[in-house]
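Residues per chain, in single letters:
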Amino acid sequence: MKTISDFNFQGKKALIRVDFNVPLNDNQEVTDETRINAAVPTLKKILEDGGSAILMSHLGRPKNGPENKFSLKHIIPNLSAKLGVDVKFADDCIGESAKEQAAALQDGEVLLLENVRFYKEETAGDEAFAEKLASLGDIYVNDAFGTAHRSHASTTIAAQFFTEKCCGFVMQQELDNAKKVLEKSKRPFTAIMGGAKISDKILIIEKLLDKVDHLIIGGGMSYTFFKAIGGQVGNSLVEEDKLPLAKELISKAKEKGVDLLLPKDSIIADDFNNEANRETADNYSIPNGWMGLDIGPEAREVFSSAIEKSKTVLWNGPMGVFEMSNFAEGTNEIAKAVVKATEAGGFSLIGGGDSAAAVNNLGYGDKVSYVSTGGGALLEYMEGKVLPGVAALEE
């Protein structure tokens, strides 16, 4: 696979798939610029070489064609400020106006196309639609690692219409850092898996059991493990159909000599809201009518101790319902422990989504080794799956 460093973009129109799927508030203002910041080095390299940039992205999940709240025009002020150029906007991603604006684009200029998901053909991986997108540029660059696991028109299919294609800096860093964890990890290696459901993480957990020294399980999925080993978990989230699997993963960890750490205690609540009554409870005996919404103080201590001694840390998924401030302490403490491990010379990879949001919201983004921009894509890559967006660049 060629990278952006293998090309000089002078006089070329680069068609770049970026990931500008950023959160917007009710006033359509960007509330987290992480993904925009991540794309800047790739765009600057192209502009500094003397090329121009035509940008494709999706935003949200529009159901029936164009909707103002999913329009990429809302990110123009942020993007223009970051690049130091007035970014032009095409109110469609294909069609005459997009074609004319792309053709008129001068070296050093940037054109952002409207949300590709306003067309159903994007997610369907439609070839004719992909060809229309491809006709706008001379060279294809994919820098959207977060959607590399999707075989969509702009992320995968469009690449086949180019002889010159490469990955951008984000894609390259994502793959390099994932490989570092999978193939060159220093020991002790600790993986922290959180989030609500085991079903989302089965494959990655099985894969990691062959690689890690410690596997920490937190978040909603831990209650399925506790129920499987006879715990009373009250009204906590449980995947009943995954109880045998949880048991099986516990015995597999034992067989492979992996220290599987489950949270000893929880912060429990009598309702799923921030103002609910709260108590601390042992995870073997959560009363009926109460549910675990965060890891407890003892679990924080045990987990933090294992993390701080680690030389490689992979973290995917929060320890509790961290969006509610009263149940964010566990996730915050784990983030601090990951920072300490990093400061002591360890390598830490934060796997996209909620974990990335937690680390960035706490201001720790630059205190860990790498924050991935792609939750699902990173997991699939680590599970050993082929990512269509990556494969399309290797052809």
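Residues numbered from 1 in each chain as written. Predicted model: local features only at pLDDT ≥ 70, side-chain atom pairs only at ≥ 80, totals over all residues. Heavy atoms only, no water.

Q: Which parts of the structure should I look at to understand the packing of aromatic side chains?
A: Remark: the centre distance and the inter-plane angle together describe each pair of aromatic rings, the angle taken between the planes. Enumeration over the complete set of coordinates arrives at four aromatic pairs. Arranged with centres 6.3 Å apart and planes meeting at 55 degrees, the rings of F7 and F9 form a pair that is tilted. Across the pair, exposure class does not vary: F7 and F9 are buried alike. (Phe/Tyr/Trp six-rings, centres within 6.5 Å; stacked < 30°, edge-to-face > 60°. Buried < 20%, exposed > 50% of the residue type's maximum accessible area, 1.4 Å probe, protein only.)

Q: Would you explain empty space enclosed by the protein in this entry?
A: The method is simple in principle: a probe with the dimensions of a water molecule rolls over the atoms, and the space it marks as empty is what remains. Enumeration according to the criterion identifies one cavity of 30 Å³ or more in this entry. When its volume is computed, the largest cavity comes out at roughly 50 Å³. Surrounding the largest cavity, D19, R35, A38, A39, D143, A144, F145, G146, V170 and T373 form its lining. Take the lining of the largest cavity: its biggest share by element is three residues, from helix α1 (residues 34-49). A class-by-class count of the residues in the lining of the largest cavity yields five nonpolar, two polar and three charged. (1 Å grid on protein atoms, 1.4 Å probe; cavity = no way out; pocket = protein on both sides within 12 Å on 5 of 7 lines; lining within 4 Å. Points joined across faces, edges and corners; volume = space filled by probe spheres on them. Helix = DSSP H or I, 4+ residues; strand = E, 2+ residues; numbered from the N terminus. Nonpolar A, V, L, I, M, F, W, Y, C, P; charged D, E, K, R; others polar.)

Q: Mind showing me how you'd approach the layout of surface pockets here?
A: Approximately 650 Å³ is the volume attributed to the largest pocket. Along its surface, the largest pocket is lined by 35 residues, and G195, A196, K197, P318 and D354 are the ones closest to its centre. At the level of elements, α7 (202-208), β14 (291-295), α12 (353-361) and α13 (375-382) are the ones that each hand at least two residues to the lining of the largest pocket. Broken down by element, the lining of the largest pocket gets its largest block of residues, four residues, from β14. Classifying every residue of the lining of the largest pocket gives twelve nonpolar, 15 polar and eight charged. Roughly 410 Å³ of volume is contained in the second largest pocket. Forming the boundary of the second largest pocket are 14 residues, of which N21, R61, G146, H149 and R150 lie nearest the centre. Looking at side-chain class alone, the lining of the second largest pocket contains no nonpolar, nine polar and five charged residues.

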